[in-house]
Amino acid sequence: MAENMEKEENQPMPSEISDEEGTNDGSDESDSDDTTEQDEARIRELEKEISKNPYLYSSHVELIKKLRELGDLDRLRDARHNMQKHFPLSEEIWLEWLRDEVPLASEQEERDKVETLFNLAVKDYVSVPVWLEFVQFAIGGMGGEGGVQHVRDVFERAVTAVGLHVTQGANVWEAYREFENALLAGLMPQPGAVTTKEQEEAFSAQNQRIASLFKRQLAVPLMDMEETFAEHKEWVGGTVNPGVQKVYGKALDTLKKVKPFEAALLAAEAPRLAEYQKYLEFEMSEGDPARIQCLFERALLENCLVPELWIQYTKYLDEKLKIGSMSMAAYERAMRNSPWSGTLWRNYILTLERNSQPFETIKGTMDKALAAGLTDSSDYLLVWTVYCDYLRRRIDWNKDHETELETYRLTVERAADHLFNFFGLEGDPEASLRQFWADIEARHCKNLERARELWNQVMQEGYGSQAAMWLNYYRLERTFGDVKHCRRILQRALNSVTDWLEAVTQAYLDFEREEGTLEDYEQAYSKCEAQLARVNERKAKAADKEAAIQEQKKLQRAATKAHKKGEKTNEKEAQSAAKDANSQKNSGKWSASITGARPVNDNSRKRKMNEERTDGFKAPHPRAFGVSAEDLQPPAKRTREEEDEHGRSVQHDASKDNVTAFVSNLAFQMSEDRVKEFFDKCGEVVEVRLVKNFKGMSKGYGYVEFTDANEVLLALKLDRQPIDGRPVFVSRCEDRNSGSKTHQFKYATSLEKNKLFIKNLPFTCSVEALEKIFGEHGKLKEARLVTYRSGAPKGLAYVEYETEEEASQAVLKTDGLEIGDHKIEVAISNPPQRKQPLNSLVPSLGGGKIETETRGRARTQVALVPRAVKRPGAAPSKPSATAASNPAQKSGDATTTEKMSNEDFRKMLLK
């Protein structure tokens, strides 16, 4: 305060400032305002970027720097807390933050907040400077109740964390001893004063405490520990305790061993990972857990973004120390530093399960892993697999397990869909999740039909050409199924496999040897022999084609080499020709300048022609019609208030895709409350967001957000269920503009022998009536009415049975059945091929006209045949093969048309 007052007194008075100085000050102030405005604009821009993507590390750093320069303390605190929530902060950022907050903490409440910051700082990384700041802050509050003990507790935490740091640990030990020495000095009696027994006991206890600190420090190998030993010797009066001498000698020997590694670290430049690895190998061989842990922390301070080092550290904690709280804390820090490592997430989930953490904790960890941005499909598969295994282990098959089993089923289905939708077959190359799920259904649930469905899904997704997949399917059926399904699987595999057909044929023949008759075996043998012959033929053709391609490439390389050689030999001739052309061009310009002719500029002529229309009329300028330049500008973007007034569109939030369902085909008058009521049966609905037009009216689609991803799977099962008589379409929430998602038709488009297609149904027919009619002929899996988007029935339906035999029997018994006034038609479901897009039919990449055998007639072409010539029942102009082969047909037959000449037309018209 005194210094500030002196500075103010030495400042000149306003009257002493000259006009020129005043002008300069105004200019400086204006420049300062401009700079402040620029900084504020940049701050708003950075805040907007971070609100969109909070994982922009550099934006956080720049925002904190700008706010610190601006001096806005409240916004600076918010920015720092926001960054700390998403990232571990470096030693420099923490020290800057703490040094800004410590001077402002005067009240106890403010000191508690700063101490909370210190506790957060020491959790991110093990830093000696941060611990020294912490103990200094604690000493500043020792005057309060229990203040001395609190300081000692902080010091004990500090020496435990960094007291083994070979190069910097001595700083913490010495600060601890200085604090205790200061307390000892306060207990010294005044000269001539009579000490009480309590004072003597307190003095003796404090003296013993300092001696204990010396002994503990001398037992640790630290740099310059010889000076510490000399100080201790002087403090005890020259006679050192033999116990202290012994631990000191042992620590000194260890120091001599680690000095070469410390020297290597000192000589190298950060991050010094290789030097730390060699150092760790030595400490691992020594086997001191505390020293190994301290060295790991030192290495991670400089290599915090190296997941392999975190994996090495956490593995040591899991396998050697086996202290659950310590391992989980290390994993929590590892996930903040290297969240893209699937191995770390996998090990973290296993550690949580090993330490009996609740289901909600492990599920929350899994959700964080999915949102962390893993590097590739193998990492996602690794995390999904360990989580599904954990859910399987939660199931106690000897107790009531319906809830746990349903959670497992929904999660595996979600995992398989996630991997396939985002990565295709690369997501789960061996379909391991569904294979394991099928085994669970067959082995524990005795639900073989469900296991077969899962395997059929696997084959339909694109694994049907792999022999290994079919053999795994066959083994499952061989273990839990029957002979009929085993034979069917092997026959399907024989016609589908392209990579290892020999293994399938061998399995097929072995199966018929064990289970089949002689006829079955001979039939299998002939099929295998024929299929192998076809495959070998295809392989031979492919080999010949590959050889031809290689020969063609060889010829092309030879031709290219000869061409380059020819270019080199003709290079001089080309240069001379270029010189001749230049000389002729220059001579032409020279002659033009002499004759006064102007060289023709082809480019200017083309521009002039483009500016004029083909009829010689120039297009008038827009201003000729009274149109200004402002009228031609695009309309200004609406403000937020205008958008709110007319109904703002719903923004897609990709971070919530896993807990959000997309719903469409809603009635325009449908309200959010009605949609929420419909989906409440799936779980807790957080929010319903209907997309609206500029008038605030619903567009008929929107988003339904749940609390859990498994609830979305339940919502998907409500697809095409009616809301107030109108079917609602439910699908996964995804960004259609990303191009990574592919639409998949929900229902099969090929022959399904266990499903019936029914048409000519009365429009009043309900699903219950269908189930009652067709349920008499077998066990139904599903009955579905086909409707328009409005919910109105089309008179069509599909009925699916458990087996093909039941479906076949139902066709025979229900086809032609009368329901009311309608006679229904029933057949096995075999939808026609879906139409291909036009561009897929064009043979050339450039599109163009599709060539066909006969040219089609344009829609605008007028028929020129007179009405009197047209006869009812006339056949097409092109004669059929039957008519051409049967000349005995009469000309007067109504099914034929004679070819008429021009004379015949003339006579008919002149009648």
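Residues numbered from 1 in each chain as written. Predicted model: local features only at pLDDT ≥ 70, side-chain atom pairs only at ≥ 80, totals over all residues. Heavy atoms only, no water.

Draft legend 1. Local environment of the pattern of salt bridges. One pass over the full model with this rule turns up 53 salt bridges. Arg 487 is the salt-bridge partner of Glu 512, the closest N and O atoms lying 2.8 Å from each other. Here Arg 487 lies in helix H24 (residues 483-496) and Glu 512 lies in helix H25 (residues 501-515), a separation of 25 residues in the sequence. Linking Glu 537 and Lys 541 is a salt bridge whose minimum nitrogen-to-oxygen distance equals 3.7 Å. Within this pair, Glu 537 and its partner Lys 541 are both found in helix H26 (residues 518-569), separated by 4 residues, close to a single helical turn. Residues joined by salt bridges that share partners form a network here, namely Glu 40, Arg 44, Glu 47, Asp 72 and Arg 75. (Salt bridge = Lys/Arg side-chain N within 4 Å of Asp/Glu carboxyl O. Helix = DSSP H or I, 4+ residues; strand = E, 2+ residues; numbered from the N terminus.)

Draft legend 2. Representation of the sheet that holds strand S8 (residues 780-787) within the structure. Ordered by their spatial adjacency, 4 strands build an open sheet running S8-S9-S7-S12, and the pairing between neighbours is antiparallel. Single-partner strands in this sheet number two, and they are S8 and strand S12 (825-829). Across the sheet, the mean angle separating the axes of adjacent strands is 20° when strand polarity is ignored. Across 5 bridges, strand S7 (residues 752-759) lies against S12 in antiparallel orientation. Its bridge partner lying in S12, Ile 758 is registered against Val 826. The sheet strands contacting helix H32 (residues 767-774) are S7, S8, strand S9 (793-801) and S12, and the helix crosses S8 at an angle near 135°. (Pairing = 2+ DSSP bridges. Axes fitted to C-alpha atoms, helices over the stretch in contact; angles between N-to-C directions. Contact = heavy atoms within 4.5 Å.)

Draft legend 3. A look at helix H9 (residues 169-187). Taking 1.5 Å of rise per residue, 19 residues should cover 27 Å, and H9 covers 28 Å from first to last C-alpha, within 8% of that figure. Within the sequence span of H9, burial applies to Gly 169, Ala 170, Val 172, Trp 173, Ala 175, Tyr 176, Arg 177, Phe 179, Glu 180, Leu 183 and Leu 184. Where H9 is buried, its residues meet helix H7 (128-140), helix H8 (147-162), helix H10 (197-218) and helix H11 (225-235). (Expected span 1.5 Å × (residues − 1). Buried < 20%, exposed > 50% of the residue type's maximum accessible area, 1.4 Å probe, protein only.)

Draft legend 4. Representation of the environment of Thr 505 within the structure. With respect to the helices, strands and loops of the structure, Thr 505 is situated in helix H25. In this structure Thr 505 comes out as buried when scored by relative accessible area, which is 6%. Put simply, Thr 505 and Cys 528 are 23 residues apart on the chain and 5.7 Å apart in space, counted from C-alpha to C-alpha. Setting aside residues no more than four positions away along its own chain, Thr 505 makes contact with Leu 494, Cys 528 and Leu 532. There is a polar contact of 2.7 Å between the side chain of Thr 505 and the backbone oxygen of Glu 502. (Polar contact = N/O pair within 3.5 Å; in protein donor to acceptor, adjacent residues only side chain to side chain.)

Interpretation note: all reported values are geometric properties and have no functional meaning in isolation.
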